[in-house]
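Examining the three-dimensional arrangement
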Amino acid sequence: MDYGFTEDQKHIQELARKIGREKIMPIRAQLDEAEEFPWAVVKTLAEVGLFGIYIPEEYGGLGFGNFENCLAVEELSRYCIGVSVSFAASGLGCYPILLYGSEEQKKKYLPQIASGAKLAAFGITESSAGSDASAIRATAVRDGNSYVLNGIKQWITNGGEAEIYSVIAKTDKTKGPRGASAFIVEKGTPGFTFGKKEKKLGIRSSATRELVFEDCRIPAENLIAKEGMGFIVAMKTFDQTRPGIAAQGVGLAQGALDAAIEYARERETFGKPIIAHQAVQHMLADMATQIEAARALTYLSAKTADLRSKDLPKVSAMSKLFATDVAMKVTTDVVQIFGGYGYMRDYPVEKMMRDAKILQIYEGTNQIQRNVIGQYLIKESARS
Ligand SMILES: Cc1cc2nc3c(=O)[nH]c(=O)nc-3n(C[C@H](O)[C@H](O)[C@H](O)COP(=O)(O)OP(=O)(O)OC[C@H]3O[C@@H](n4cnc5c(N)ncnc54)[C@H](O)[C@@H]3O)c2cc1C
């Protein structure tokens, strides 16, 4: 489809596709099997500057926006979302600083993230606080020119591998969601350690670990924005990054469809390629249609982010919900098209189906996205 991309956008798309095809595709099964973090690919992405796509040039980035970032994430995701999430999660860790950081924080941290010299990560989830993020128990207590952090963040993508962490902790337990604040914590700070790497169903090359804070003292200037703004920082960050999760879904589904078409042209039953059976063609047609609809909504949400439109929370949630449900359905149907071979690790599609499931869970489950959209509709109707 022709979305009228600029030359720069076409270049970013082609560059990411080339890296996906040449650097990710040949090793994705091995990374998955070994549950190995994709450092070689991260290094390549850093060398070509892709970590800085959405970061302004004055802070060492390429100065493009959310839209261009989504194009890169989509292309990388065609080949492996275990790898692409390691790239995208650095953006999740970066956005709190980009959106709400002080000039000093931006000057210090954004160039390191833009160059890919350091990965970032974001930690809000705890063992008893996922969807209900306001239930977090981690605390940050002001002590002179420092804050002292205590608590455990669970299932943090890039945990242990990243150097820069945006972390949400309670500065006032009596104030509920208004008592949370956002902080930058650097790897290596005394009192900050990591749990074991989790063993997962999918995206097995990505690192998912606990962040453990035990009397971890950080400078007071590492507070992002003001005390009490932690949830605003987190929610505005998710508005920006959910189009990227949608882009993961679109890319993953497209990669699965590509594999299905190739296979269906080669595999023969009853004396003809299975693609000649109309039932198979209809499955492919439905997949292609769903993917294109998901892509259009994803691009709309990324553009909405770049336009700073008030509709962003709604559109961002819609794109994450729709594109990730499409990815789950398409990857499941692609395994069906492969028949028994689809169930075997010799082919890439069982991994795609395993990988797809996380997209419906992280950065807010798809039930939570429906809640966000529903609440937005109520607000809209009250205004009109
Ligand atoms: C691999 C992986 C990587 C992750 N990476 C990160 C990360 O980098 N940073 C980070 O902070 N977190 C991360 N997470 C955490 C992730 O965002 C949470 O798992 C997610 O938000 C869901 O929270 P939960 O698992 O506690 O589920 P729960 O909140 O316990 O929900 C359980 C079920 O109940 C449903 N439910 C809950 N409340 C409602 C409601 N009000 N209405 C309707 N349904 C509801 C949910 O949709 C879900 O189906 C990661 C998780 C995983 C598995």
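In short, a report on the structure.

What counts, and where the lines are drawn
Each chain carries its own residue numbering, running from 1 in the written order of its sequence. Whole-chain, interface and lining totals are the exception, using all residues; otherwise, since this is a predicted model, local features are given only for residues with pLDDT of at least 70 and side-chain atom pairs are given and counted only at 80 or more. As a rule here, side-chain values cover all heavy atoms of the structure and leave hydrogens and water aside. Every helix listed is a DSSP run of H or I at least four residues long, and every strand listed is a run of E at least two residues long, numbered separately from the N terminus. A radius of gyration in this sense is built from C-alpha atoms; the matching globule rule multiplies 2.2 Å by the number of residues raised to 0.38. Summary of the burial criterion: residues with accessible area below 20% of their type's maximum are buried, those above 50% are exposed, and those between are partly exposed, where the area comes from a 1.4 Å probe applied to protein chains only. To get an axis, a line is fitted to the C-alpha atoms, and for a helix only the part in contact is used. The angle between two axes follows their N-to-C directions and goes from 0 to 180 degrees. Working rule for handedness: look at the near helix, and if it is turned counterclockwise from the far one by less than a right angle, call the crossing left-handed; if clockwise, right-handed. Whether two residues are in contact is decided by their heavy atoms, any of which lying within 4.5 Å being enough. Under the grouping applied here, Gly and all other residues not named as nonpolar or charged are polar, the nonpolar ones being Ala, Val, Leu, Ile, Met, Phe, Trp, Tyr, Cys and Pro and the charged ones Asp, Glu, Lys and Arg. We call two strands paired when DSSP finds no fewer than two bridges between them. For this purpose, a residue is taken to be near a molecule or strand whenever a single non-hydrogen atom of the residue falls within 4 Å of it. Nitrogen and oxygen atoms within 3.5 Å of one another constitute a polar contact, given that in protein one can donate a hydrogen and the other can accept it, and given that sequence-neighbouring residues count only through two side-chain atoms. Areas reported here follow the Shrake-Rupley algorithm with a probe of radius 1.4 Å; residue values treat only the protein chains shown as occluding. Any residue with an atom within 4 Å of a point lines the site, the site being either a cavity, points on a 1 Å grid over the protein atoms alone where a 1.4 Å probe fits but cannot get out, or a pocket, an open set with protein on both sides within 12 Å along at least 5 of 7 lines. Grid points are joined across faces, edges and corners, and a volume is the space filled by probe spheres set on the points.

1. Quick notes on the overall build of the chain
Along its length, the chain carries 11 helices and 10 strands. Computed over its C-alpha atoms, the radius of gyration of the chain comes to 21 Å, within 12% of the 21 Å expected for a compact globule of 384 residues. Overall, the chain is about 80 × 55 × 40 Å in size when its C-alpha atoms are taken along their principal axes. Scored against the burial criterion, the 384 residues of the chain give a buried share of 55%.

2. Regarding the packing of helix α9 (residues 312-338) against helix α11 (residues 366-383)
The relative placement of two packed helices comes down to the angle between their axes together with the axis-to-axis distance. At a closest axis distance of 9 Å, the pairing of α9 and α11 adopts a crossing angle of 145°. For α9 against α11, the interelement crossing comes out left-handed. Here Pro-313, Lys-314, Ala-317, Met-318, Lys-320, Leu-321, Thr-324 and Asp-325 of α9 come into contact with α11, specifically with Asn-366, Gln-369, Arg-370, Val-372, Ile-373, Tyr-376, Leu-377 and Glu-380. Here the residues of the contact of α9 with α11 sort into eight nonpolar, three polar and five charged.

3. A short note on the pairing of strand β4 (residues 164-170)
For β4, the buried fraction is high: seven of the seven residues fall into the buried class. Relative to β4, strand β1 (residues 120-123) is paired through four bridges, and the arrangement is parallel. From the neighbouring strand, Phe-122 faces β4, where its bridge partner is Ser-166. As defined by bridge partners, β4 adjoins strand β5 (residues 180-186) across seven bridges and the pair is classed as antiparallel. Counterpart to Val-167 in the pairing with β5 is Phe-183.

4. Focus: the site of the ligand
Around the ligand, the surrounding shell holds 18 residues, and the nearest of these are Phe-122, Thr-125, Ser-131, Thr-157 and Thr-365. Within the contact set of the ligand, an oxygen atom lies 2.9 Å away from a backbone nitrogen or oxygen of Ile-124. The contact in question runs from an oxygen atom of the ligand to an N or O atom on the side chain of Ser-131, over 2.6 Å. Across the complex, the protein chains shield 66% of the 970 Å² of accessible surface that the ligand would expose by itself. At the level of elements, β1, β3 (146-157) and α11 are the ones that each hand at least two residues to the shell around the ligand. For the shell around the ligand, the per-class residue count stands at eight nonpolar, eight polar and two charged.

5. Brief notes about the side chain of Ser-90
As for its placement among the helices and strands, Ser-90 is situated in helix α5 (residues 81-100). In contact with Ser-90, other than residues within four places in its own chain, are Phe-51, Tyr-54, Ile-113, Lys-118, Leu-119, Ala-120 and Asn-158.

6. Some remarks on helix α3 (residues 39-47)
By the burial criterion, the buried members of α3 are Val-41, Val-42, Thr-44, Leu-45 and Ala-46. In this fold, the buried residues of α3 make contact with α1 (7-24), α4 (66-77) and α5. Positive phi appears at Gly-49, one or two residues downstream of α3, with a value of about 85°.

7. Focus: empty space enclosed by the protein
Across all of its chains, the model carries two cavities of 30 Å³ or more by this definition. Estimated volume of the largest cavity: approximately 50 Å³. Every residue along the wall of the largest cavity is listed here: Phe-51, Tyr-54, Asn-69, Phe-87, Ala-88, Ser-90, Gly-91 and Ile-113. Per element, the largest residue contribution to the lining of the largest cavity is four residues, and it comes from α5. Here the lining of the largest cavity is built from residues that sort into five nonpolar, three polar and no charged. As a volume, the second largest cavity reaches approximately 30 Å³.

Function cannot be read off these values alone, since they describe shape.
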